[in-house]
Amino acid sequence: MRRLGFLLTAVIFLSLPHQSCSHWWFMSQVYALGAKVMCNSIAGLVTIQRQICRENPDVMISVGKGAKLGIHECQYQFLYQRWNCSTAERDASLFGKVMRRASKETAFVYSISTAGVVHEVTRSCSLGELKECSCDNRRGRSRKGFEWGGCSDNIMYGLNFAKAFVDSREVERDARALMNLHNNYVGRRAVKTNMLLDCKCHGVSGSCSVRTCWKTLPPFRIVGEYLKHKYMTSQRVTVDQSGKALTRADIIYSRPSRDELVYLEESPDYCDIDAKTGSLGTSGRECNKTSTGTGGCKVLCCGKGFNTIQVEEEYKCSCKFHWCCHVKCQKCRRTVDKHICKGAKDIPANVKKGSSRTNSKKNRRKNKKRKDRRKDSGTPGVR
């Protein structure tokens with residue numbers, strides 16, 4: 001069973017500080033030891049990936065940053081979902097056993113990780129950090145009537161490198177490989193589709209009679225929101241009779257669009273801890289008591305109820321503007337209620353599911369009645 005962990009674990013290792021040393025120290029060691037030694041030491045890479053790694057050690061640093069960027073965006077987009085893109089602590093795969101299932105969550109992880117690689121490699125290319133490429137200096141007049149100029153972000157280099165490196169992992173051509181390749185493509189295209197057009201006007205008194213324009217990368221948050229929408233509208237697929245292409249599971253002989261995410265298996269509900277699926281459950285997660293949608297206690301806690309606790313937090317108060325030019329604030333403290341999802345073990349079999357605040361009132365009434373009975377019978381209470 002394939003996992004994306006091989007890529008994420010390897011490339012994140014390249015982008016993070018090694019032990020307590022700086023990132024720049026590690027980069028110097030990459031070149032000092034040689035690309036061959038570095039690439040051979042990364043577990044999980046196939047032959048083609050090792051070759052690409054040895055030939056492009058500087059790009060591999062950007063690949064690592066891009067994979068990390070994708071993980072952070074995944075965790076942002078799913079912050080209030082039952083599955084919150086949590087990483088595994090004791091599993092060879094970065095996302096644990098969740099990635100073994102060909103679900104829509106796996107589809108999103110593949111697409112956002114690939115998009116992160118495209119985004120970071122393209123950015124590094126345009127900044128001149130890579131030996132093999134530079135920004136796109138296209139010239140000429142566009143169909144929309146402006147002049148191409150400036151230094152466009154070299155999206156084609158990022159697309160081609162991500163395709164060559166990430167897709168080369170899918171050696172077999174079974175259903176899971178077809179799904180992964182499809183979602184990798186959606187991730188790459190997400191960056192290209194959301195490229196921005198920046199322009200500068202030229203003319204007398206700013207008349208903008210002539211415009212010079214160039215393409216720039218979108219903020220990665222835009223890419224994340226785009227792919228989150230694709231996740232919400234993802235399609236379940238299966239393999240056609242030839243075994244070489246995907247077809248939609250709900251419509252016979254209908255192939256999925258190349259712009260939509262696809263999955264092979266339905267997702268678990270992620271409500272409870274499940275060693276088989278890798279679900280961590282929602283017990284202990286903070287929820288919003290007043291919300292009825294995503295992140296609300298009713299949805300996030302899966303009907304198991306929640307505990308309400310009071311905590312003190314600091315916040316900025318009495319802020320004043322001082323000339324010139326800064327704002328000075330005091331630090332104040334306040335007590336706030338936080339609502340924490342219960343787990344299955346927190347709910348007695350004879351207690352109705354609901355807010356722990358309601359249940360605690362019932363318990364206080366019961367305890368008071370017990371104390372009153374002890375006083376009436378002369379039995380000393382337990383301190």
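Structure's up top.
Our subject in this report is the structure included herewith.

Reading guide: rules and limits
- Residues numbered from 1 in each chain as written.
- Predicted model: local features only at pLDDT ≥ 70, side-chain atom pairs only at ≥ 80, totals over all residues.
- Heavy atoms only, no water.
- Pairing = 2+ DSSP bridges.
- Helix = DSSP H or I, 4+ residues; strand = E, 2+ residues; numbered from the N terminus.
- Salt bridge = Lys/Arg side-chain N within 4 Å of Asp/Glu carboxyl O.
- Buried < 20%, exposed > 50% of the residue type's maximum accessible area, 1.4 Å probe, protein only.
- Patch = residues over 30% accessible without salt bridge, like charges linked within 9 Å, V, L, I, M, F, W, Y side chains within 5 Å.
- Areas by Shrake-Rupley, 256 points an atom, 1.4 Å probe, with all protein chains shown as cover.
- Polar contact = N/O pair within 3.5 Å; in protein donor to acceptor, adjacent residues only side chain to side chain.
- Contact = heavy atoms within 4.5 Å.
- Expected span 1.5 Å × (residues − 1).

Describing the sheet that holds strand S6 (residues 246-248)
Alright, step 1. Taken in spatial order, the three strands line up as S6-S5-S7 in an open sheet, and their pairing is mixed. Since the sheet does not close on itself, it has two edges, and those belong to S6 and strand S7 (262-263), each with one partner.

Some points on the pattern of salt bridges
Alright, step 1. Using the criterion set out here, one finds 13 salt bridges in the structure.
Alright, step 2. Residue Arg-221 pairs with Glu-73 through a salt bridge whose shortest N-O separation is 2.9 Å. On the criterion of sequence distance, the pair formed by Arg-221 in helix H9 (residues 220-232) and Glu-73 in helix H5 (residues 57-77) is long-range, its members being 148 residues apart.
Alright, step 3. Using a relative accessible area of 34% as the deciding quantity, one classes Arg-221 as partly exposed.
Alright, step 4. Between Asp-250 and Arg-248 there is a salt bridge, with its nearest N and O atoms 3.1 Å apart.
Alright, step 5. Classification of Asp-250 by relative accessible area gives exposed; the value is 54%.
Alright, step 6. Among the charged side chains, a network of salt bridges with common partners joins Glu-120, Arg-123 and Glu-129.

Here we look at a nonpolar patch on the surface
Alright, step 1. Among the surface-exposed residues, Phe-321, Trp-323 and Val-327 lie close enough to one another that they form a single nonpolar patch of about 450 Å² accessible area.
Alright, step 2. By the secondary structure assignment, Trp-323 is in the loop between strand S11 (306-322) and strand S12 (326-341).
Alright, step 3. With relative accessibility at 78%, the residue Trp-323 sits in the exposed group.

Examining the side chain of Ser-124
Alright, step 1. Inspection of the secondary structure assignment puts Ser-124 in helix H6 (residues 104-126).
Alright, step 2. Of the polar contacts made by the side chain of Ser-124, one reaches the side chain of Ser-62; its length is 2.8 Å.
Alright, step 3. Setting aside residues up to four positions removed in sequence, Ser-124 forms contacts with Ser-62, Glu-129 and Leu-130.

Quick word on H6
Alright, step 1. Taking 1.5 Å of rise per residue, 23 residues should cover 33 Å, and H6 covers 33 Å from first to last C-alpha, within 8% of that figure.
Alright, step 2. Of all 23 residues in H6, 21 are buried; the element is thus mostly enclosed.
Alright, step 3. At the C-terminal side of H6, Gly-128 shows a positive phi close to 80°.

Quick look at unusual backbone geometry
Alright, step 1. In this model, Trp-323 is joined to Cys-324 through a cis peptide bond whose omega is -25°.
Alright, step 2. For Cys-324, the location among the structural elements is in the loop between S11 and S12.
Alright, step 3. A cis amide bond links Cys-324 with the next residue in sequence, Cys-325, at an omega value of 20°.
Alright, step 4. Inspection of the secondary structure assignment puts Cys-325 in the loop between S11 and S12.
Alright, step 5. Phi at Tyr-270 is positive, roughly 60°, even though this residue is not glycine.
Alright, step 6. On the secondary structure map, Tyr-270 appears in the loop between S7 and strand S8 (273-274).
Alright, step 7. Look at Cys-302: it is not a glycine, yet its phi comes out positive at around 60°.
Alright, step 8. Its place among the elements puts Cys-302 in the loop between helix H10 (297-300) and S11.

Considerations on the sheet that holds S12
Alright, step 1. With antiparallel pairing, the three strands of this open sheet are ordered in space as S10-S12-S11. Each end of this open sheet is capped by a strand with a single partner; those strands are strand S10 (286-287) and S11.
Alright, step 2. Sheet analysis places S10 next to S12, joined by two bridges and oriented antiparallel. Each bridged residue has a counterpart across the sheet, and for Cys-287 the counterpart in S12 is His-339.

Regarding the environment of Leu-197
Alright, step 1. Along the chain, Leu-197 falls in strand S3 (residues 196-202).
Alright, step 2. With relative accessibility at 37%, the residue Leu-197 sits in the partly exposed group.
Alright, step 3. Once residues lying within four places of it in the same chain are set aside, the contact partners of Leu-197 are Phe-146, Trp-148, Cys-213, Trp-214 and Lys-215.

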